[in-house]
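# Overview (structure and organization)
Below are the chains, spelled out letter by letter.
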Amino acid sequence: MNHSDEIHISSTAEEYKKLGGTASSRRSFLALLLSAGAASVGALLSVPLLRFLLHPLVKAKTQASWKEIGSVEDLASVTSPVKKLVKVEQRDGWRKIVSEKAVYVCRDANGHLCTLSSVCPHLGCSIAWHDDKNKFICPCHNGQFTAEGKLLGGPPPRGMDRLESKVEDGKLVVHYQTFKQLVPNKEVIA
Ligand code: FES
């Protein structure tokens, strides 16, 4: 190999290096562009997916469902609290659970029909009406309430929770809700 050959090889290496550098930059730019494109598409696709995933949670909070208790005619004879079962649909994540909940139909101070939750505001046991004692008694810690649900004594921090109810087409319907326990004021959970 003579001197001129050495010079030629050296200049070709320089050019290759230069070309290599340019191609590498172009590749980096394309990779960046592709990443940005993929990120944008991902973000766009995630919006409906997020809406789908959150839908049951959002809906559970906004949905008010009224459940039939019975005809007003049949309940006309109610003078002391009467236990009734209502079918309630609840969402546990994406599962729909239908269960029966006990409520009490009673008369308020004005003689109107009212509905009380049977769930004790202390620790959630089922409160029972005792006709012979003319009061509600919670079997767990002896919380006691009047026929209208007012607290008489025991550890519960408040009276029984009154549920929203109304008459529709001759039927008494109730909006079943659950409330926070161990707090003095009624706070809706679901
Ligand atoms: S759960 Fe009812 S008094 Fe404690």
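See the structure shown above.
Remember, it's a predicted structure, so these values are computed and weren't measured experimentally.

Turning our eyes to something else, we now look at unusual backbone geometry. Notably, Asn134 is not glycine yet its phi reads approximately 55°, a positive angle. Its place among the elements puts Asn134 in the loop between β5 (128–130) and β6 (135–137). Of note in this structure, Asn142 is not a glycine but carries a positive phi near 60°. Its place among the elements puts Asn142 in the loop between β6 and β7 (144–145). For Asn142, a count of 12 C-beta atoms within 10 Å puts it in the exposed group.

So, on to the pairing of strand β9 (residues 162–168). Working note: regular strand, side chains alternate between the two faces of the sheet. By the bridge criterion, 2 bridges tie strand β4 (residues 113–117) to β9 in an arrangement that is antiparallel. Bridging across to β9, Thr115 finds its partner in Leu163. Adjacent in sequence and paired antiparallel, β9 and strand β10 (residues 171–175) are bridged by 2 residues, among which Asp169 carries a positive phi angle near 50°.

Here we come to the sheet that holds β6. Strand order in the open sheet made by the 4 strands is β5-β6-β7-β8, with antiparallel pairing throughout. Both outer strands of the open sheet, β5 and β8 (151–153), are each paired with one neighbouring strand and no more. One ladder, built from 3 bridges, connects β5 with β6; its direction is antiparallel. Across the sheet, the residue bridging to His130 is Lys135, located in β6.

Take the sheet that holds strand β1 (residues 66–71) next. Strand order across the open sheet formed by 6 strands is β1-β10-β9-β4-β3-β2, with antiparallel pairing between neighbours. The open sheet has two free edges, formed respectively by β1 and β2 (82–92), since each of these has just one partner strand. Strand-to-strand twist in this sheet, taken as the mean axis angle between neighbours without regard to direction, amounts to 35°. Taken together, the 5 bridges between strand β3 (residues 95–107) and β4 define a ladder with antiparallel strand orientation.

Each value, and the rule that gives it
Residues numbered from 1 in each chain as written. Predicted model: local features only at pLDDT ≥ 70, side-chain atom pairs only at ≥ 80, totals over all residues. Helix = DSSP H or I, 4+ residues; strand = E, 2+ residues; numbered from the N terminus. Buried ≥ 20, exposed ≤ 12 C-beta atoms within 10 Å, placed from the backbone. Pairing = 2+ DSSP bridges. Axes fitted to C-alpha atoms, helices over the stretch in contact; angles between N-to-C directions.

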